[in-house]
Structures are given as structure tokens and as C-alpha cells.
Amino acid sequence: MDQSIELEIPARPEYVALARLVVSSLASTRRDLADDRIDDLKVAVSEACTNAIEAHRSADSDDSVVVRCAEFDDRLEISIEDRGHGFDPESLPEHPPVTDPDRLNFERGLGIPLIRTLVDEVVIDSSGDGTSVRITMQCTPVDPLDIGGFQDTGSDGSEEPAP
Amino acid sequence: MDQSIELEIPARPEYVALARLVVSSLASTRRDLADDRIDDLKVAVSEACTNAIEAHRSADSDDSVVVRCAEFDDRLEISIEDRGHGFDPESLPEHPPVTDPDRLNFERGLGIPLIRTLVDEVVIDSSGDGTSVRITMQCTPVDPLDIGGFQDTGSDGSEEPAP
Amino acid sequence: MDLDLDVTEQNGVAVLAVKGEVDVYTAPRLREKLVELVTQGKHRIVVNLEGVEFLDSTGLGVLVGGLKRVRSHNGDLSLVCTQHRILKVFEITGLTKVFSIHDTVDAAVAA
Amino acid sequence: MDLDLDVTEQNGVAVLAVKGEVDVYTAPRLREKLVELVTQGKHRIVVNLEGVEFLDSTGLGVLVGGLKRVRSHNGDLSLVCTQHRILKVFEITGLTKVFSIHDTVDAAVAA
Ligand SMILES: Nc1ncnc2c1ncn2[C@@H]1O[C@H](COP(=O)(O)OP(=O)(O)O)[C@@H](O)[C@H]1O
Ligand SMILES: Nc1ncnc2c1ncn2[C@@H]1O[C@H](COP(=O)(O)OP(=O)(O)O)[C@@H](O)[C@H]1O
């Protein structure tokens, strides 16, 4: 994996912008990722870094958060790794429907749904020792038969409001 | 050193811009480093990364180059580390004077002199296992007695042509 | 990283123009400003997001918090936003149905 | 990262406008362009650096190489640069005494 770059940042809010900057600068040197997809990626990275920093804060950890970017011909893989106490991504609370007046009590819990909607694939690997969130952005169709249809799914899908 | 950030890049020319971007973004969030000093720092980091990449190329190494940035109240310390074969910074060839027609044969060898002139301090640590170039940029006067005079030296000095 | 917050008043409505990036680092300043406005008795607020270059769920949370706060005083908080990349995070999270979002400050103030 | 190279001709002088960042990644393209001009018999060259946002010693080396090449044909290569941060690297390395550096393309072409 000598094609990968790694950024280690202190687990503090002021460094999230740097993570976004590095990822978006890397993504924009590829000619095969559209600007609006780079914007999506920035939001996803920002959400994951924010959660990682929060996890270190609540675990009282001084460790760094690691952002790894691996470039492949057909995709960009970004992973955000922390050493917090972890969580179970399958059992996050559901939000009430937007019409429910209670919806206004949900100022949080929007991050993971945003990540899931904005990127092509996300794999969350979490244990008591920490969490790794691996985000994949497809850059060119993997299978030539999929040309067009494949990329449309990626960007149209992400503009639909989440259920 | 949990105040430090670390960037690991493949030892390839296309990543030097990313190293400059990270360092300058970090430097510009400090309000205590003037824009022209950030420009100086970018050149120095670019020179050191270029040398590190060249060192890996000639050592046929696939390892990454590491750029570390440590922030202190009064200074920024950037180190660029490679795993090339190293060199002796004390015995670099001298350039002929600029008036000498031979000067035109020196298309190279300008990097280390530039680094030395542009930054406040540079420590080169090199062995057969690799090289670390540590650059220091002072951000505020260390000694209150030096206020003014101290920072002037930094920027005036660097604008003088090297001997 | 900068976040500029600038408050003006238009027809008795407080217009808060936000410029820069709204994330976990800068959002607390936005929250404080909204709290301050409500404390000053400004319960009709328009937040102009046209100058926002980045906004993630931390920013959304702060805006939802602001809306809740003004509503508890029978007030309202609406948004001005035409930028696709910013609207997108409101759409995905269903918040386009929670906020009224306008194309111009004038339209938001008049609403 | 982009490097734009644009060649025009003015009074028989080739004017090469360089835009972007000149470093170890992009400098080879600048070198090729200079070699190409000399191969085409253009021995009077003005390199306009006004659009350059960054230049380090790799870029300096390429410009010195270009100067050497045109001089071997009794030609000349001069520069246009008024940006302080770019001039600085020429000054530190003593290259302000090697190149003639002008404020405008017209002045460089006329010289
Ligand atoms: N990296 C992480 N480490 C530990 N817990 C996490 C992590 N990421 C998310 N979580 C948990 O999942 C919850 C939902 O995350 P998210 O959807 O991003 O919303 P928010 O961060 O606003 O609560 C968080 O409140 C937290 O409890
Ligand atoms: N990191 C390094 N590892 C090995 N050798 C180095 C390193 N940095 C510099 N050198 C040696 O010092 C010489 C002078 O470096 P420099 O002044 O930057 O000019 P240039 O790189 O253009 O030759 C290089 O040619 C190289 O031999």
C-alpha cells in the first residue's frame, strides 16, 4: 500500500478542517471525481472525524486520529480510525419522521445517516478498542458494462432525501 | 507530542504539493506567522520533500516520506524524514560566484542553501539509514526583550542574496 | 479557519449572515450567536447561508437547536440558501421539511 | 496540480507564459517546453512568471538550463516577474545577477 497517504491529527475540533482539506485536495487531483462528489466526500470525512474526536474526548484519550487515503484506479478509499470505546452501528436510535414535532429534539444523530447516503460504500468496524470508518468513492465504472448507469446511481441516489 | 500532526506521503513528485498544502494550511491558522514567512516555509518544505523523494528514488525504496509538524506557542517545527542513503550536509559542493560563466552549469544544489536562508533554524540529521531535516519557524519573540528586532532579522535576513 | 457572523435587522427581523465553514470547530460560535439573539428578545431570525462554504451535521444540529429555541417563544427561524451543496445536506436529513428555506433574504424576511 | 504553459510571439521573441506551481512534479513539463522552443529555432525567449504561484529550486534549475541552451545558440532568455515571493528565491540564490528580470513582457521583449 505504498500508494496511500496517511494523516495523523490530534483529536481536536480545529483539525477536522485539515482532514477535509487533505482528502479534497487528493480527490481533486484525480480528474475522475466530479466536484459535487468531492463535496459529498468532504461532508462524510468531516462527520467521521467529528465522531472520532468525540469518541477520544469521551474516552479521555490523547491519541491521534488517523485518516488514511488509498488511491486505486477505480476508487478512492478513505478510512478514519480512532481509539475510542467504539459503538454498535446497527443499533443507532431511529429518528422520528420529519412531520413529528419531536423531530426538533434530534439535534444529533445525523452524521452516520449522512455518511451512508453521500458515499458509495461505508464499512464501520468498531470494538471496545476503537472504530474504523472506511469510505469508498467510486471514480470510474468497475465493469465497462455498467458505464453511465453505475455513476448515475451514485450521485442521484445521494440527492434523495433519506427516508 | 500529541500536539503534532503527521503526514505520510508516497515518495513521488505529485505529493510534494500536498505536503506544502498541509504545512501552509497549518501555519496560516496561526495568526502569528506572516504571509511572506508562510511562503518561505512552503519553499523550504518543498525543497526538503523533493530531496527526500529523490533519495528514495536513488535508494530504490518504496517507503513513504514523513512530514511531521509540531506546534509550540512560540514556533512551528516541521521535520521531513526519509529512508534514503543519506548524505553529509557539511561537504556539499560550493557554487562558483555568480559572475563566473561556469555558474550556468549549476542547475542543482540550490535547495539546501534556500532552506538555510528561508527558515529560522534547520537541523539536518543524516546517516546511511535516512535523513531528517528539521525546520523551525519562530512565531513570536521568545524573549520579550527581543520584540521587533528579533522578527526583523528573520525576514530581512532572508531577503538578502546568499553570498 | 474563519467563521464570520454578521447581524443586521430588516423589518424587525434579525438577519444573521454566516460566512465560512460551519463544522465542529466553528459551530459553537454560531450556537452562541443564536442564543445571544434569542436572549436579546429576537425571536424572528433569518439565517443567511449564502456565504457558507461548508456545513455538516454539527451545523445542522445548531440550526435545529436555534429553531427549537425561537419556537418556544412563538418565534421563527428560517434560512436563505440557494447553494446546491449546502441544500443537499438539508435534503438528505429531511430538514428541508423542518425549515423554511428561501432564495433571498427579502423573501425570507417577508415570509 | 496544474501548470499552464502558453506560447505567443512578439517581435520575433517567443513569450512563454507560465501559470501555476512549478515544482519537482510540474518542472519537467516546463523543461520540455523550453527544449521544444529551442529545437524550433526560437533562441530569444521571454518567460513570463507573473502567473506563477509557487516556484522552488527545481524550477530555478529548469530556467538556468533554458538560459544555458539559448546562450549556446547566441540567444537569450529573460524573465518577467514583479512578485516579491518569486523574486525572493532568485535573489537568495544569486540568480538575479544571472537573469535579466523585467517588470513587463513589453520591456522584456524590447530589451
Ligand atoms: N467513532 C465513533 N466512536 C464511538 N461512537 C461513535 C462513533 N461514531 C459514532 N458513534 C456513536 O454513534 C452515534 C451517532 O453518530 P452520528 O450519527 O454521527 O451522530 P452524532 O455524532 O451527532 O451523535 C454517536 O452519538 C455516538 O454515540
Ligand atoms: N534527504 C537527502 N538524502 C540524501 N541526499 C540528500 C538529501 N538532501 C540533499 N541531499 C544531497 O545534497 C545535495 C544537494 O541538495 P540540494 O541543495 O537540495 O540540491 P539538489 O537537490 O538540487 O541537488 C543533493 O544533490 C543530494 O546529493
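If you're wondering where the values come from, they're calculated on a predicted model, not measured in any experiment.

Draft legend 1. Representation of the overall build of chain C within the structure. When helices and strands are tallied, chain C shows four helices and five strands. Along chain C, helices (α) and strands (β) appear in the sequence β-β-α-β-α-β-α-β-α when read from the amino end. For chain C, the C-alpha radius of gyration of 12 Å lies close to 13 Å, the compact-globule estimate for 111 residues. Based on the C-alpha atoms only, the size of chain C along its principal axes is roughly 30 × 25 × 20 Å. Expressed as a percentage of the 111 residues in chain C, the buried residues total 55%. For chain C, contacts bridging at least 24 residues in sequence account for 65% of all contacts bridging at least 6. As displayed, chain C has an accessible area near 4,600 Å², and 45% of this comes from carbon and sulfur atoms. Charge centroids of chain C, computed over 12 positive and 15 negative side chains, lie 7 Å from each other.

Draft legend 2. Looking closely at the overall build of chain A. A tally of helices and strands in chain A yields four helices and five strands. Ordering the α and β elements of chain A from the N terminus gives β-α-α-β-β-α-β-β-α. Within the span of chain A, comprising 163 residues, buried residues form 48% of the whole. Relative to all contacts within chain A whose residues are 6 or more apart in sequence, the contacts with residues 24 or more apart total 64%. If you sum the accessible surface of chain A, you get close to 7,800 Å²; carbon and sulfur atoms cover 47% of it.

Draft legend 3. Inspection of the pairing of strand 2 (residues 64-71) of chain B at higher detail. Residues and elements named next belong to chain B. When you tally the buried positions in strand 2, you get seven out of eight residues, the bulk of the element. For strand 1 (residues 4-10) and strand 2, the ladder comprises seven bridges, and the chain directions are antiparallel. Counted as the bridge partner of Pro10 is Ser64 from strand 2. Pairing geometry for strand 2 and strand 3 (residues 75-82), over six bridges, is antiparallel. Residue pairing in the sheet places Glu71 in a bridge with Leu76 of strand 3.

Draft legend 4. Structural context of the site of ligand 1. Residues and elements named next belong to chain A. The full set close to ligand 1 counts 13 residues, and Asn51, Asp82, Arg108, Gly109 and Ile112 are the nearest of them. The contact in question runs from a nitrogen atom of ligand 1 to an N or O atom on the side chain of Asp82, over 2.8 Å. At 3.3 Å from an oxygen atom of ligand 1 is found a main-chain nitrogen or oxygen belonging to Gly111. Elements supplying a minimum of two residues to the shell around ligand 1: helix 2 (35-58) and helix 3 (111-118). Residue contributions to the shell around ligand 1 peak at three residues, all from helix 3. Looking at the shell around ligand 1, its residues break down into six nonpolar, five polar and two charged.

Draft legend 5. The sheet that holds strand 5 (residues 101-102) of chain C, seen in detail. Residue and element names in this part refer to chain C. Read from one edge of the open sheet, five strands run 1-2-3-4-5, paired in mixed fashion. On the outer flanks of this sheet lie strand 1 (3-10) and strand 5, each paired with one strand and no other. In this sheet, strand 2 (residues 13-22) lies alongside strand 1 in antiparallel orientation, the contact comprising eight bridges. In the strand pairing of strand 2, Asp6 is matched with Ala17. Across the sheet, helix 3 (residues 84-92) touches strand 3 (44-55), strand 4 (76-80) and strand 5, and the angle it forms with strand 3 is around 115 degrees.

Draft legend 6. Just unusual backbone geometry, in detail. Residue and element names in this part refer to chain D. With a phi angle near 50 degrees, Asn11 is a residue other than glycine that sits in the positive phi range. Its place among the elements puts Asn11 in the loop between strand 1 (3-10) and strand 2 (13-22). Phi at Asn74 takes a positive value of approximately 60 degrees, unusual for a residue other than glycine. Tracing the backbone shows Asn74 in the loop between helix 2 (57-71) and strand 4 (76-80).

Draft legend 7. Broad picture of the environment of Ala19 of chain A. All names here are of chain A. Checked against the element boundaries, Ala19 lands in helix 1 (residues 16-29). When the C-alpha atoms of Ala19 and Gln3 are compared, they prove to be 18 Å apart, with 16 residues separating the residues in sequence. Residues within four places of Ala19 in sequence aside, it is in contact with Leu7, Ile9, Val45, Cys49 and Val67.

Draft legend 8. Quick look at the pattern of salt bridges. The full count for this structure, using the stated rule, is 32 salt bridges over all chains. With a closest N to O distance of 3.4 Å, Arg30 of chain B and Glu71 of chain B form a salt bridge. Here the residue Arg30 of chain B occupies a position in the loop between helix 1 (16-29) and helix 2 (35-58), and Glu71 of chain B occupies one in strand 2, the gap between them amounting to 41 residues. According to the relative accessible area criterion, Arg30 of chain B is buried, its value standing at 10%. For Glu71 of chain B, a relative accessible area of 18% puts it in the buried group. Between Lys33 of chain D and Glu36 of chain D there is a salt bridge whose closest N-O contact spans 3.6 Å. Separated by three residues within a single helix, Lys33 of chain D and Glu36 of chain D lie in helix 1 (residues 27-39), roughly one turn from each other.

Draft legend 9. Representation of the site of ligand 2 in the model. Residue and element names in this part refer to chain B. Around ligand 2 sit 13 residues, and of these Asn51, Asp82, Arg108, Gly109 and Ile112 come closest. Bound to the protein, ligand 2 loses 77% of the 530 Å² it would expose on its own. Among the secondary structure elements, those contributing two or more residues to the shell around ligand 2 are helix 2 and helix 3 (111-118). With three residues, helix 3 is the single largest residue contributor to the shell around ligand 2. Partitioned by chemical class, the residues of the shell around ligand 2 number six nonpolar, five polar and two charged.

What counts and how
Residues numbered from 1 in each chain as written. Chains lettered and ligands numbered in written order. Predicted model: local features only at pLDDT ≥ 70, side-chain atom pairs only at ≥ 80, totals over all residues. Heavy atoms only, no water. Helix = DSSP H or I, 4+ residues; strand = E, 2+ residues; numbered from the N terminus. Rg over C-alpha atoms; globule rule 2.2 N^0.38 Å. Buried < 20%, exposed > 50% of the residue type's maximum accessible area, 1.4 Å probe, protein only. Contact = heavy atoms within 4.5 Å. Areas by Shrake-Rupley, 256 points an atom, 1.4 Å probe, with all protein chains shown as cover. Lys, Arg positive; Asp, Glu negative; His and termini not counted. Charge placed at Lys NZ, Arg CZ, Asp CG, Glu CD. Pairing = 2+ DSSP bridges. Near = heavy atom within 4 Å. Polar contact = N/O pair within 3.5 Å; in protein donor to acceptor, adjacent residues only side chain to side chain. Nonpolar A, V, L, I, M, F, W, Y, C, P; charged D, E, K, R; others polar. Axes fitted to C-alpha atoms, helices over the stretch in contact; angles between N-to-C directions. Salt bridge = Lys/Arg side-chain N within 4 Å of Asp/Glu carboxyl O.

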